[in-house]
Amino acid sequence: MARRTDNDPAAARAAVTAIRAWLLDETRPAPARSELAAAVRATARVLAAVAPGHSVEVRVPPFVAVQCVEGPRHTRGTPPNVVETDPRTWLLLATGLRDFAAAVTAGTVDASGNRAAEITRWLPLVSLHPGES
């Protein structure tokens, strides 16, 4: 059984690929909760691995919260730099199908703190191109 902190980029790609059609077309049937959870958790853990640290907390309720980005460590209370979004928006960001700034402007991403947007340096985590099959 995989540990909660396991990071496997190949597993993240497979999990995202399994729900690719829905990410590209929201009118398609939503994936099973377990498939959605697997994709969200895997991509968030890849972010935590490629951007290690504790300066920014990325929250995708109800599935995962990870700390990432090198810098001052947060130890108590609400972190000063938080990115919070829904699972679909997170996956669109993680795959490069949605721009972070546009998502913040649209209100689908809540980014607080002056370092929250730094996660964009590592996005996309898994590339999905609409023209691929």
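Rules used throughout
- Residues numbered from 1 in each chain as written.
- Predicted model: local features only at pLDDT ≥ 70, side-chain atom pairs only at ≥ 80, totals over all residues.
- Heavy atoms only, no water.
- Helix = DSSP H or I, 4+ residues; strand = E, 2+ residues; numbered from the N terminus.
- Buried < 20%, exposed > 50% of the residue type's maximum accessible area, 1.4 Å probe, protein only.
- Contact = heavy atoms within 4.5 Å.
- Salt bridge = Lys/Arg side-chain N within 4 Å of Asp/Glu carboxyl O.
- Pairing = 2+ DSSP bridges.

Caption draft 1: Looking closely at the side chain of Thr95. Mapped onto the fold, Thr95 is located in the loop between α4 (87-94) and α5 (100-106). A residue is classified by how much of its surface remains accessible, and Thr95, at 3% relative accessible area, is buried. With near-sequence residues (within four places) excluded, Thr95 lies in contact with Val16, Leu23, Pro124, Val126, Ser127 and Leu128.

Caption draft 2: Quick peek at the pattern of salt bridges. In this structure the tally under the stated criterion is 4 salt bridges. In this structure, the salt-bridge partner of Arg88 is Glu26, at a minimum N-O distance of 3.8 Å. Taken together, the positions of Arg88 in helix α4 and Glu26 in the loop between α2 (20-24) and α3 (33-50) put the pair 62 residues apart, joining distant regions of the chain. Exposure remark for Glu26: the relative accessible area of 56% places this residue in the exposed category. Salt-bridge contacts for Arg59 lead to Glu57; the nearest nitrogen and oxygen are separated by 2.6 Å. We classify Glu57 as buried; its relative accessible area is 13%. In the salt-bridge network here, residues are joined through shared partners; they are Glu57, Arg59 and Glu84.

Caption draft 3: Spatial organisation of the pairing of strand β2 (residues 64-68). Here β2 shows a buried face lined by Val64, Val66 and Cys68 and an unburied face lined by Ala65 and Gln67. Relative to β2, strand β1 (residues 56-60) runs antiparallel, the two sharing 5 bridges. If you follow Val56 over to β2, its bridge partner there is Cys68. Counted between consecutive antiparallel strands, the loop separating β1 from β2 contains 3 residues.

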